[in-house]
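What follows is each chain in one-letter form.
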Amino acid sequence: MTITQQPEIYYDPYEPALQVDPFPIFRRMRDEQPLYYNEKHDFYALSRFDDVDKAFVDVATFSSARGNILELIKANMDLPSGVFIFEDPPMHPVHRGVLTGIFTPRKMAALEGRIRDFCAQVLDPLVGSRQLDFVADLGAKMPMRVIGMLLGIPEQDQEEIRVHQDEKLRREEGEPGEFNDDQFADGTFFTQYIDWRVKNPSDDLMTALINAEFEDEKGTIRRLTRDELLIFINVLATAGNETTNRTIGWSGKILGDAPDQRRELVANPELIPNAVEEILRLQPAALQACRYVTRDVEIHGQTMPEGSVLMLLMGSANRDERVFPPDGDRFDIHRKIGRHLTFGRGNHFCLGAALARLEARIAVEEILKRFPDWEPDMDKAKLDSSQVRGWATLPVHLP
């Protein structure tokens with residue numbers, strides 16, 4: 001009898017081939033090494049849903065204060081005040097609270113008509129074409145239009161801003177990203193808009209941020225500093241565009257590969273919201289989020305020492321068959337999902353989740369109304385080398 005030896009489990013977030021299809025390795029990690037250690041890059045990783053879920057909410061042990069990206073934590077930078085996605089209490093709830101009243105599900109739902117109009121403006125001219133690119137024709141346009149509208153940025157300037165923000169996330173293929181002290185408070189584009197809005201207030205998010213008063217961690221009632229304001233706007237302009245762009249791209253790929261389920265959505269659009277949740281579960285824009293370990297902690301019989309970096313693999317947790325039986329790797333528009341971890345959990349649950357869901361649902365609805373059938377052109381499709389995982393281009397053939 002011949003015994004086939006399994007190759008050693010190895011997950012490297014910079015390895016291009018593993019970014020194309022990390023899911024077989026993720027399955028092995030869940031089954032064989034639920035707490036995995038990568039010696040080359042010196043990080044631990046959790047891959048099971050329950051483990052990732054618990055780590056997200058234990059902010060005392062697993063800190064965001066040094067960032068949530070491996071190379072950023074390793075750089076040991078002093079992050080400026082206002083990068084609320086990289087903060088712990090007491091500052092995180094203070095800064096997050098400034099935005100909480102703006103990004104409510106009710107306020108986001110009120111944008112539906114305008115978002116649907118944006119979709120129509122880019123999709124209607126393509127009706128009758130033989131090809132559509134889910135990224136170039138929609139994903140790279142509609143989300144930036146939405147966040148630009150919210151921030152009050154003129155439409156003619158939005159594309160240049162999108163390209164600039166996208167470049168900050170890009171990295172050399174196979175290499176870690178680079179960070180610098182000026183990156184978060186980058187005033188390249190937004191300073192002029194802030195100055196204009198200070199003198200010419202309007203009913204937009206930028207004006208709301210300029211005028212927002214809050215009690216900081218010292219008990220002082222104040223407004224955002226200039227650098228904090230720049231940081232907020234940079235974070236919103238990047239997160240509000242790139243992640244939704246990726247979701248739209250993955251919608252084209254996943255639905256293109258599942259023609260029977262796609263046609264079922266065309267026949268019964270009421271199934272689309274659950275299908276969008278299934279797309280978000282199956283292909284999150286961020287495969288992982290990292291945390292700095294503040295104390296020695298034991299998980300699965302191993303001790304992670306204080307000072308370690310822990311990688312929370314949402315891309316694996318979302319496919320854990322212990323939570324999503326019988327096959328978490330399978331796309332199923334009828335799956336009873338419950339919840340997934342694409343938007344994180346706990347203190348750092350994504351503020352823009354309601355808006356991202358709304359945009360993705362509308363995009364799928366409007367595409368299916370006009371283009372019920374398509375086939376991805378994988379010879380021309382290309383995955384992007386970026387901090388968020390998705391398609392740089394995803395052309396599809398239309399009948």
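Being a predicted model, the structure only gives us computed values, none of them experimental.

J.: Can you tell me about the overall build of the protein, naming the residues and giving the values?
T.: Assigned secondary structure in the protein consists of 17 helices and 14 strands. Computed over its C-alpha atoms, the radius of gyration of the protein comes to 21 Å, within 12% of the 21 Å expected for a compact globule of 399 residues. Along the longest, intermediate and shortest principal axes, the C-alpha atoms of the protein span 80 × 60 × 35 Å. A separation of at least 24 residues holds for 71% of the contacts in the protein among residues at least 6 apart in sequence.

J.: Lay out the side chain of arginine 370 in plain terms, naming residues and giving numbers.
T.: Examined against the element boundaries, arginine 370 turns out to sit in helix H17 (residues 353–370). Of note is the side chain of arginine 370, whose polar atom sits 2.7 Å from the side chain of aspartate 124. Among all residues touching arginine 370, those that are not within four sequence positions of it are Ala120, Leu123, Asp124 and Val127.

J.: How would you sum up the packing of aromatic side chains? Please name residues and give values.
T.: One pass over the full model with this rule turns up nine aromatic pairs. For the pair tryptophan 250 and tryptophan 391, a centre-to-centre distance of 5.3 Å together with 65° between the ring planes defines the contact as edge-to-face. Of this pair, tryptophan 250 sits in helix H13 (residues 226–256) while tryptophan 391 sits in strand S13 (residues 391–393), and the two are 141 residues apart along the sequence. In terms of burial, tryptophan 250 and tryptophan 391 fall into one category: buried. Over the aromatic face of tyrosine 292 sits the side chain of arginine 66, whose NZ or CZ is 3.9 Å from the ring centroid. Against the face of phenylalanine 324 rests arginine 281, its NZ or CZ located 5.1 Å from the ring centre.

J.: Could you give me a rundown of unusual backbone geometry, with the residues and numbers involved?
T.: With omega at 10°, the peptide bond leading from proline 89 into proline 90 counts as cis. As for its position among the elements, proline 90 is in the loop between helix H4 (70–75) and helix H5 (91–100). In this model, aspartate 42 sits at a positive phi of 55°, which is unusual for a non-glycine residue. Positionally, aspartate 42 belongs in the loop between strand S1 (35–38) and strand S2 (43–46). When its relative accessible area of 39% is taken as the criterion, aspartate 42 is described as partly exposed. The phi dihedral of asparagine 76 falls on the positive side, at around 55°, and the residue is not glycine. Mapped onto the fold, asparagine 76 is located in the loop between H4 and H5.

J.: Pulling in residues and values, what's your account of the sheet that holds strand S3 (residues 62–63)?
T.: Spatially, the five strands line up as an open sheet ordered S1-S2-S10-S7-S3, and their pairing is mixed. Looking at strand neighbours, the two that pair on one side only are S1 and S3, the edges of this open sheet. Sheet analysis places S1 next to S2, joined by four bridges and oriented antiparallel. Counterpart to leucine 35 in the pairing with S2 is leucine 46.

J.: If you had to explain the environment of isoleucine 362 to someone new, which residues and values would you point to?
T.: Secondary-structure assignment places isoleucine 362 in helix H17. Each C-alpha atom, one on isoleucine 362 and one on glutamate 112, is 7.9 Å from the other, the two residues being 250 residues apart in sequence.

J.: Please give an account of the pairing of strand S7 (residues 289–293) that cites residues and values.
T.: Of all the five residues making up S7, five are buried; the element is thus mostly covered by neighbouring parts of the structure. Side chains Ala289, Arg291 and Val293 of S7 all project onto a buried face; the interleaved residues Cys290 and Tyr292 project onto the opposite face, where all are buried too. When S3 meets S7, the two strands line up antiparallel, connected through two bridges. Within the sheet, the bridge partner assigned to phenylalanine 62 lies in S7 and is valine 293. Inspection of the sheet shows S7 paired to strand S10 (residues 309–312) by four bridges, in the antiparallel sense.

J.: Just give me the short version of the sheet that holds strand S11 (residues 375–376), but keep the residues and values in it.
T.: Spatially, three strands are ordered S4-S14-S11 in an open sheet, and the strand pairing comes out antiparallel. Among the strands making up the open sheet, the edge pair consists of strand S4 (131–133) and S11. Bridge count between S4 and strand S14 (residues 395–397): three bridges; the pairing is antiparallel. Its bridge partner lying in S14, leucine 132 is registered against valine 396.

J.: Quick one: what's the story with the nonpolar core, residue by residue and with numbers?
T.: Counting residues in hydrophobic clusters, the biggest one holds 86 residues, and the most contacted among them are Leu99, Leu138, Met142 and Leu209. Here this core gets twelve residues from one element, more than from any other, and that element is H13. What leucine 99 contacts, discounting residues up to four positions off in sequence, is Phe84, Leu205, Leu209, Phe232, Leu236 and Leu351.

J.: Explain the packing of helix H9 (residues 142–151) against H13 residue by residue, including any values.
T.: Packing of H9 against H13 brings their axes to within 8 Å, and their N-to-C directions diverge by 155°. Overall, the two elements H9 and H13 adopt an arrangement that is roughly antiparallel. Handedness of the H9/H13 crossing: right-handed. Of H13, the residues touching H9 (which contributes Met142, Pro143, Met144, Ile147 and Leu151) are Ile233, Leu236, Ala237, Gly240, Asn241, Thr244, Asn245 and Ile248. Here the contact of H9 with H13 is composed, by residue class, of nine nonpolar, four polar and no charged.

Analysis parameters
Residues numbered from 1 in each chain as written. Predicted model: local features only at pLDDT ≥ 70, side-chain atom pairs only at ≥ 80, totals over all residues. Heavy atoms only, no water. Helix = DSSP H or I, 4+ residues; strand = E, 2+ residues; numbered from the N terminus. Rg over C-alpha atoms; globule rule 2.2 N^0.38 Å. Contact = heavy atoms within 4.5 Å. Polar contact = N/O pair within 3.5 Å; in protein donor to acceptor, adjacent residues only side chain to side chain. Phe/Tyr/Trp six-rings, centres within 6.5 Å; stacked < 30°, edge-to-face > 60°. Buried < 20%, exposed > 50% of the residue type's maximum accessible area, 1.4 Å probe, protein only. Lys NZ or Arg CZ within 6 Å of the ring centre and 35° of its normal. Pairing = 2+ DSSP bridges. Core = buried A, V, L, I, M, F, W, Y, C linked by side-chain atoms within 4.5 Å. Axes fitted to C-alpha atoms, helices over the stretch in contact; angles between N-to-C directions. Parallel < 35°, antiparallel > 145°, perpendicular 65-115°, else oblique. Left-handed = near helix turned anticlockwise from the far one by under 90°. Nonpolar A, V, L, I, M, F, W, Y, C, P; charged D, E, K, R; others polar.

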